[in-house]
Amino acid sequence: VEDERPLLLRSALESLSGHELALAGDHETSVVLERLLYAMDDFAKRVLLDRFTGEFERLVKHRHASHVLQTLFELAGETVDREVCCQFSHESSCL
């Protein structure tokens, strides 16, 4: 079961593709999307962030989508920290 989780997440994210804005704006699916963010790897978070590009002003003003963005931005900080650590660290194990 543990080995199937990444496969299940990848399949779910592929199913969401193209519908991210609508899902973030819906009362019920925005909660699901927020929870999925915690399971996403750095690459998946970047893809989602790219899908929101150009829509940030609208999303931050939206009752439900703003919470999705808040969670994404909080988790993105950790991603940036890891990337900066790896980029500037001479250690091989910076993650």
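For the structure, see preceding data.
Definitions and limits used
- Residues numbered from 1 in each chain as written.
- Predicted model: local features only at pLDDT ≥ 70, side-chain atom pairs only at ≥ 80, totals over all residues.
- Heavy atoms only, no water.
- Helix = DSSP H or I, 4+ residues; strand = E, 2+ residues; numbered from the N terminus.
- Buried < 20%, exposed > 50% of the residue type's maximum accessible area, 1.4 Å probe, protein only.
- Contact = heavy atoms within 4.5 Å.
- Areas by Shrake-Rupley, 256 points an atom, 1.4 Å probe, with all protein chains shown as cover.
- Core = buried A, V, L, I, M, F, W, Y, C linked by side-chain atoms within 4.5 Å.
- Phe/Tyr/Trp six-rings, centres within 6.5 Å; stacked < 30°, edge-to-face > 60°.
- Expected span 1.5 Å × (residues − 1).
- Arc of directions from axis to C-beta.

K.L.:
Would you mind going over the overall build of the chain with me for this structure?
P.N.:
Secondary structure assignment for the chain yields six helices and zero strands. For the chain, the sequential pattern of α-helices and β-strands runs α-α-α-α-α-α. Across the 95 residues that make up the chain, the buried fraction comes to 26%. Taking the contacts inside the chain whose residues are at least 6 apart along the sequence as the reference set, 58% of them involve residues at least 24 apart. Split by element, the accessible area of the chain, about 6,900 Å² in all, is 54% carbon and sulfur.

K.L.:
How do you make sense of the nonpolar core when you look at a structure like this?
P.N.:
In a soluble, globular protein the nonpolar side chains are often hidden away together inside. The biggest cluster of nonpolar side chains holds 17 residues, and the ones touching the most others in it are Ala-24, Leu-33, Leu-37, Met-40, Leu-48, Phe-52 and Val-68. Those elements giving two or more residues to this core turn out to be helix 1 (5-16), helix 2 (20-25), helix 3 (27-39), helix 4 (42-52) and helix 6 (65-88). The greatest single-element share of this core, amounting to five residues, is contributed by helix 6. Non-local contacts of Ala-24, meaning those with residues more than four positions away in its chain, are made with Ser-30, Leu-33, Phe-52, His-64, Ala-65 and Val-68.

K.L.:
Explain the packing of aromatic side chains here, please?
P.N.:
Overall, the coordinates contain one aromatic pair when judged by the stated rule. Taken together, a centroid distance of 6.1 Å and an interplanar angle of 40° make the contact between Phe-56 and Phe-73 tilted. Of this pair, Phe-56 sits in helix 5 (residues 56-60) while Phe-73 sits in helix 6, and the two are 17 residues apart along the sequence.

K.L.:
Please clarify how the side chain of Lys-45 should be interpreted in this entry.
P.N.:
Its location among the elements puts Lys-45 in helix 4. The residues contacting Lys-45, other than those within four sequence positions of it, are Leu-37, Met-40, Leu-72, Leu-75, Thr-79 and Arg-82.

K.L.:
It is not clear to me how helix 1 should be interpreted in this structure. Could you clarify?
P.N.:
Because each turn of an α-helix spans 3.6 residues, side chains separated by three or four positions in sequence point in the same direction. With 12 residues, helix 1 should reach 16 Å at 1.5 Å per residue; the first-to-last C-alpha distance of 16 Å fits that figure. Downstream of helix 1 by a residue or two, Gly-18 has a phi angle that is positive, lying close to 90°.

K.L.:
What is the right way to read helix 4 from this model?
P.N.:
Where helix 4 is concerned, the buried positions are Ala-44, Lys-45, Leu-48 and Phe-52. Down the axis of helix 4, the buried set is contained in an arc of 100°. They therefore lie on one face. Those residues of helix 4 that are exposed and angled more than 90 degrees off the buried face are Phe-43 and Asp-50. In the segment just after helix 4, Gly-54 is the residue with positive phi, at about 90°.

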